[in-house]
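# Analysis of the macromolecular model
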Amino acid sequence: MAMRLYGAKGAGSMAVHAALEEIGADYDFTLLDLAKGEQKAPEYLALNPNGRVPTLVDGDVVVFEGAACLMHAIDRHPDCGLAPEPGTAERGEYYKWLVWMTNTLQESGGAWAHPENWAPDEATRPKVRAAAEARLGRHWDMAEAGLAGRPYLLGESPSGADLFLFMLAYWSRGYPVRAQDRPNLAAHARRVMARPAVARMMAAEGAEWELG
Ligand SMILES: N[C@@H](CCC(=O)N[C@@H](CS)C(=O)NCC(=O)O)C(=O)O
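The structure displayed is predicted, hence computed values, not measured ones.

Reading guide: rules and limits
Residues numbered from 1 in each chain as written. Predicted model: local features only at pLDDT ≥ 70, side-chain atom pairs only at ≥ 80, totals over all residues. Heavy atoms only, no water. Helix = DSSP H or I, 4+ residues; strand = E, 2+ residues; numbered from the N terminus. Rg over C-alpha atoms; globule rule 2.2 N^0.38 Å. Buried < 20%, exposed > 50% of the residue type's maximum accessible area, 1.4 Å probe, protein only. Contact = heavy atoms within 4.5 Å. Areas by Shrake-Rupley, 256 points an atom, 1.4 Å probe, with all protein chains shown as cover. Lys, Arg positive; Asp, Glu negative; His and termini not counted. Charge placed at Lys NZ, Arg CZ, Asp CG, Glu CD. Domains from an automatic or database assignment. Buried area = accessible area lost by both parts, 1.4 Å probe. Salt bridge = Lys/Arg side-chain N within 4 Å of Asp/Glu carboxyl O. Polar contact = N/O pair within 3.5 Å; in protein donor to acceptor, adjacent residues only side chain to side chain. Nonpolar A, V, L, I, M, F, W, Y, C, P; charged D, E, K, R; others polar. Near = heavy atom within 4 Å. Core = buried A, V, L, I, M, F, W, Y, C linked by side-chain atoms within 4.5 Å. Phe/Tyr/Trp six-rings, centres within 6.5 Å; stacked < 30°, edge-to-face > 60°.

## Thoughts on the overall build of the protein
When you go through the protein residue by residue, the secondary structure sums to eight helices and four strands. The N-to-C order of helical and strand elements in the protein reads β-α-β-α-β-β-α-α-α-α-α-α. Taking 17 Å as the expected radius of gyration for a compact globule of 212 residues, we find that the protein reaches 17 Å, a close match to that expectation. Each principal axis of the C-alpha distribution contributes one length, and for the protein these read about 50 × 50 × 35 Å. In the protein, buried positions account for 49% of the 212 residues. The contacts in the protein between residues at least 6 apart in sequence include a share of 62% that link residues at least 24 apart. Surface exposure of the protein reaches about 10200 Å², of which carbon and sulfur atoms provide 52%. On the protein, the mean spot of the 21 positive side-chain charges and the mean spot of the 28 negative ones are 6 Å from each other.

## As for the domain arrangement of the protein
By domain assignment, the protein separates into domain 1 (3–75) and domain 2 (89–195). The interface is formed by 16 residues belonging to domain 1 together with 13 residues belonging to domain 2. Regarding the contact of domain 1 and domain 2, the summed buried area is about 1100 Å², with carbon and sulfur atoms giving 68% of it. Sorting the residues of domain 1 by area buried against domain 2 places M14, E22 and M71 first, and these three jointly supply 35% of that buried surface. Counting every contact that joins domain 1 to domain 2 gives two salt bridges. In this structure, R91 engages D75 in a salt bridge whose closest nitrogen and oxygen atoms are separated by 3.4 Å. Linking domain 1 with domain 2 are three residue pairs in polar contact (both at pLDDT 80 or more), by the criterion used here. Contributing elements (two or more residues each) for the side of domain 1 that touches domain 2: helix 1 (14–23) and helix 3 (66–75). Among the elements that take part in the side of domain 1 that touches domain 2, helix 3 stands out by supplying six residues, more than any other. Counted by class, the side of domain 1 that touches domain 2 contains nine nonpolar, three polar and four charged residues.

## Some thoughts on the site of the ligand
Within the structure, the ligand sits among A11, G12, L34, Q39, K40, G51, R52, V53, P54, E65, G66 and Q106. Within the contact set of the ligand, an oxygen atom lies 2.8 Å away from a side-chain nitrogen or oxygen of Q39. Taking Q106, its side chain carries an N or O atom lying 3.2 Å from an oxygen atom of the ligand. Against a free-state accessible area of 510 Å², the protein chains account for coverage of 77% of the ligand. Per-class residue counts for the shell around the ligand are four nonpolar, five polar and three charged.

## Remarks on the nonpolar core
Grouped together as the largest cluster of nonpolar side chains are 60 residues, with contacts concentrated most on L20, M101, W140, F164, F166, M202 and W209. Within the residue set of this core, elements represented by two or more residues are strand 1 (3–7), helix 1, helix 3, helix 4 (89–113), helix 5 (125–146), helix 6 (160–171), helix 7 (183–193) and helix 8 (196–205). Counting residues per element, this core draws most heavily on helix 6, which supplies ten residues. Each of two domains, domain 1 (3–75) and domain 2 (89–195), supplies a minimum of three residues to this core. Here F166 is in contact with H188, A189, V192, M193, V198, M201, M202 and W209, once residues within four sequence places are set aside.

## Overview of unusual backbone geometry
Most of the time, phi is negative for any residue but glycine, and the peptide bond is trans. Cis rather than trans, the peptide bond between V53 and P54 has omega equal to 10°. Along the chain, the position of P54 falls in the loop between helix 2 (42–45) and strand 3 (55–58). The backbone of E65 sits at a positive phi, close to 85°, despite the residue not being glycine. Relative to the assigned elements, E65 resides in the loop between strand 4 (61–64) and helix 3. Note on E65: relative accessible area 45%, which makes it partly exposed.

## A few points about the packing of aromatic side chains
For any two aromatic rings, the description comes down to two numbers: the centre-to-centre distance and the angle of the planes. A complete count under the given rule lists six aromatic pairs for this structure. Taking 5.9 Å as the distance between ring centres and 45° as the angle between the ring planes, the aromatic pair formed by Y94 and Y95 counts as tilted. Take Y94: its relative accessible area is 0%, and that puts it in the buried class. Classification of Y95 by relative accessible area gives partly exposed; the value is 38%. Measuring from ring centre to ring centre gives 5.7 Å for Y170 and W209, while their planes differ by 75°; the resulting arrangement is edge-to-face.

Structure, rendered in structure tokens:
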């Protein structure tokens, strides 16, 4: 049975969407309109009580959290080459980057983009944003260092972690601290965006990124 990805244009589903394209998986994509609140509809909340995208449905298995959806889609296609063998040093690196990105980098980006989720009091929001901006600078520096001397996070070949990094870097184009202003990250984004599967995902989502 085909997997079904629930997502939204340019949202946290981008990395999973790109992975499914890379894999050549048989999948369906259900596009939710976040502005209309379709992610809070009871039938969607039954799948993902967070009321957020993405969600990946694979038969009886329902996975939420973008990084988890990405890892599950890749694990279901073990020959796709987007993850190193379990138990290897590279697999450890893969986990490290993915968990760090979703837990740390994405969180700081979220605090900057949606300070209202951290501070109900409007007067406090500039402080939330300023702190998030400072953290983002440190995070991008760390990712930049992780790419030193290598085209992809794990070395010579791309993995799911690179698709996730690409998504977060794409979002940062609207932040005061942008991934693309660091040379390794800019080159990485260009490299990933040149992949036909990623280009298909971008086109399907109407996403554009002028990297110069
Ligand atoms: N930690 C979650 C965050 C997901 C998330 O924030 N999704 C956003 C879109 S990028 C969303 O659904 N926002 C709509 C809402 O919160 O109502 C993940 O990585 O899947």
